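The chain contents come next:
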Amino acid sequence: MRFRTTSLALAGALSLGACSTRNLPPYERPLAHTDFQQVRTTAYTHTESDHEEYGNHNAMGGVLHAAAPTMPAPRAIPVAQPVYGSPGRHYQPIAYVTPSQPFVSESVFDPVYGSAAADWSRWPAGTIFRIVSTGQLYRVDDYGWALSGRNTIDLYMATPGDMNHWGARNELIQIVQWGDPQESLRRLESHQKYRHIRRMVLELEGNHRAAANLD
């Protein structure tokens, strides 16, 4: 991720010269707002040269976290009830729930969310999603210059080795919980002197054409 504003309180610390002369990335039409999305993913870490100044903090003012180790999630988990008077079989399946439902996500395990950076007008701050291929859970708590107006999600990795291993991949993600667009707008609207933030604000306000034309 490039030209990351790691904390809104530190937004003024970014180089105005770099942000004012660098063109925003080409605009992409937002993906459909569905529970499953095919997205381009990239990776970053806090020790990259353009991140060192801000340490391991995210745009929410918290600390960046790597996702828990790979943990493939089953497509469905059977929920059973006892069957009385049936020799050799004591339970029968009565329903199937996916791991995104409260029965599993709250009762079976305590999820560890990795940090993810994205355009907050496409994936509002607080959005929780699962990488289907690995089962890892991420929460959007960061954003970046190169992500503004793009259908790309940048995944935080703890080390440069992990970052390079991930590279860039097209991944199917499952949205577990959408973040709040209004809360994202509230956090961003006072920092619109940065054009990547201005673009996100325009989209959150519904001004998609103006967002697309901003460069």
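Remember, predicted model here, so these are calculated numbers, not experimental data.

(A) Geometry of the environment of P124. With respect to the secondary-structure elements, P124 resides in the loop between β4 (113-117) and β5 (128-131). What makes P124 buried here is its relative accessible area of 5%. As a C-alpha pair, P124 and M200 span 76 residues in sequence and 9.9 Å in three-dimensional space. Among all residues touching P124, those that are not within four sequence positions of it are V140, W178, G179, D180, P181 and S184.

(B) Inspection of helix α5 (residues 195-204) at higher detail. Burial analysis of α5 places nine of its 10 residues in the buried class, the great majority of the element. Those residues of α5 lying buried are R195, H196, I197, R199, M200, V201, L202, E203 and L204. One or two positions beyond α5, positive phi appears at G206, with a value near 90 degrees.

(C) Main features of the packing of helix α4 (residues 181-188) against α5. The interhelical angle for the contact between α4 and α5, taken along N-to-C directions, is 145 degrees, at an axis separation of 10 Å. Our pair here, α4 against α5, has a crossing hand that is left-handed. Here P181, S184, L185 and L188 of α4 come into contact with α5, specifically with I197, M200, V201 and L204. By residue class, the composition of the contact of α4 with α5 is seven nonpolar, one polar and no charged.

(D) Molecular detail of the nonpolar core. F129, I153 and L155 are the most contacted members of the largest nonpolar core, which totals 28 residues. Every element with two or more residues in this core is listed here: β1 (36-44), β5, β6 (137-142), β7 (152-156), α3 (160-166), β8 (169-177), α4 and α5. Here this core gets four residues from one element, more than from any other, and that element is α5.

(E) Focus on the side chain of R195. Here R195 lies in helix α5. Here R195 occupies a buried position and makes no salt bridge, while the nearest side chain of opposite charge, D215, is found at 5.0 Å. Among the polar contacts made by the side chain of R195, one reaches the main-chain carbonyl oxygen of D215 at a distance of 2.3 Å.

Thresholds, definitions, all that
Residues numbered from 1 in each chain as written. Predicted model: local features only at pLDDT ≥ 70, side-chain atom pairs only at ≥ 80, totals over all residues. Heavy atoms only, no water. Helix = DSSP H or I, 4+ residues; strand = E, 2+ residues; numbered from the N terminus. Buried < 20%, exposed > 50% of the residue type's maximum accessible area, 1.4 Å probe, protein only. Contact = heavy atoms within 4.5 Å. Axes fitted to C-alpha atoms, helices over the stretch in contact; angles between N-to-C directions. Left-handed = near helix turned anticlockwise from the far one by under 90°. Nonpolar A, V, L, I, M, F, W, Y, C, P; charged D, E, K, R; others polar. Core = buried A, V, L, I, M, F, W, Y, C linked by side-chain atoms within 4.5 Å. Lys, Arg positive; Asp, Glu negative; His and termini not counted. Salt bridge = Lys/Arg side-chain N within 4 Å of Asp/Glu carboxyl O. Polar contact = N/O pair within 3.5 Å; in protein donor to acceptor, adjacent residues only side chain to side chain.

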